[in-house]
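Okay, here's what each chain looks like letter by letter:
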2 protein chains.
Amino acid sequence: MARPDAIADGAEVSDAALRDFVGYQMKRAFNVLQADLTRTLEPFGLRMLTYSALALIVQNPGLRPSQLATALAVERANVVVYVDQLEEAGWVIRAPSPEDRRAYALQCTLAGRRVYARAEAAVKAHDARMLHGLTRDEVGTLRKAFALIEGRA
Amino acid sequence: MARPDAIADGAEVSDAALRDFVGYQMKRAFNVLQADLTRTLEPFGLRMLTYSALALIVQNPGLRPSQLATALAVERANVVVYVDQLEEAGWVIRAPSPEDRRAYALQCTLAGRRVYARAEAAVKAHDARMLHGLTRDEVGTLRKAFALIEGRA
DNA sequence: TATTGTTATACTCTATAACTATA
DNA sequence: TATAGTTATAGAGTATAACAATA
């Protein structure tokens, strides 16, 4: 029954069915944002996840990996890799936990705080770049929508 | 200089630095949406990308893989895999292109149109589920923001 | 028994490089 | 030369299962 139609070579490709699909539009936007953020953080030797982990450790000295996993909404197993990378870079140390000998107290080094401060400025600029053209209210709506969707988990 | 502070064990973890980071909030929301969509499409043997590819082939009979890659905003090499899977499932065929012997005219089978129709209904329900709680205007703002960010590429 | 950090593994998404057959 | 489809590969994100040490 599938007739081998001729190709619409120069013709426009219709994406009508996908324009209504908000999840797909979000994916495409996120891909662009993610690519820009990767380029933004690359000079610092960071990615979105290592940057986010570093931010949480800077602001919560003594944080344990399991707490970090919860805060980042990822599995514990993946956090091991982020902390490995941050530790190899000399930005974070795994200090022994005084309360629980199974756990570690994640501490930020001076170099870690310094790279974070510089990266933070770059990330703020990235955010502003991505949201340029939206009003304050529209950005507020965006944040509200993200929080709402995240709460659907 | 890095003092091994005590762990704030039961204490709240501050994510103040990340609450301002819109890209990160978007990532978290997208992770939740993506997980829900994966569950939604799993019964049909589809994922976001194979569903999207199928939608474009249904609506654009004779589409060539390179056109599909452009429409999906992914590299040609990745499209090969999507088409392989759709073809193995019996939903799409690679018909010879009458104009260019290097190319294929992608055609949808009857089974392909049927599974797409059923999956489309499920995806619409998924979208509604994710956006429930937002006004029509807010969803409009969301779409506008996604289009704007995607245009930053 | 349960939890912490860890290792191993697997699947998906994405991109690049290089190949072939055509153009 | 350039393009279409393909293959191979690599990096990143995510998740699950299982283990040793400790609670």
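See the structure shown above.
Owing to the predicted nature of the structure, the values given are computational and were not obtained by experimental measurement.

Calculation notes
Residues numbered from 1 in each chain as written. Chains lettered and ligands numbered in written order. Predicted model: local features only at pLDDT ≥ 70, side-chain atom pairs only at ≥ 80, totals over all residues. Heavy atoms only, no water. Helix = DSSP H or I, 4+ residues; strand = E, 2+ residues; numbered from the N terminus. Rg over C-alpha atoms; globule rule 2.2 N^0.38 Å. Buried < 20%, exposed > 50% of the residue type's maximum accessible area, 1.4 Å probe, protein only. Contact = heavy atoms within 4.5 Å. Buried area = accessible area lost by both parts, 1.4 Å probe. Salt bridge = Lys/Arg side-chain N within 4 Å of Asp/Glu carboxyl O. Polar contact = N/O pair within 3.5 Å; in protein donor to acceptor, adjacent residues only side chain to side chain.

A. Broad picture of the overall build of chain A. The secondary structure content of chain A amounts to seven helices and two strands. Element order for chain A, N to C, with α for helix and β for strand: α-α-α-α-α-β-β-α-α. Here chain A has a C-alpha radius of gyration of 21 Å; the compact-globule value for 153 residues is 15 Å, and the former is much larger. Taken along its principal axes, the extent of the C-alpha atoms in chain A is 70 × 40 × 30 Å. Going through the 153 residues of chain A one by one, you find that 48% of them count as buried.

B. Broad picture of the interface of chain A and chain B. With 76 residues of chain A in contact, the opposing surface of chain B contributes 77 residues. For the pair chain A and chain B, the summed buried surface comes to about 7,100 Å²; carbon and sulfur atoms form 64% of the total. For the pair chain A and chain B, the number of links is four salt bridges. The residue Lys144 of chain B makes a salt bridge to Glu138 of chain A at a minimum N-O spacing of 2.7 Å. Linking chain A with chain B are 22 residue pairs in polar contact (both at pLDDT 80 or more), by the criterion used here.

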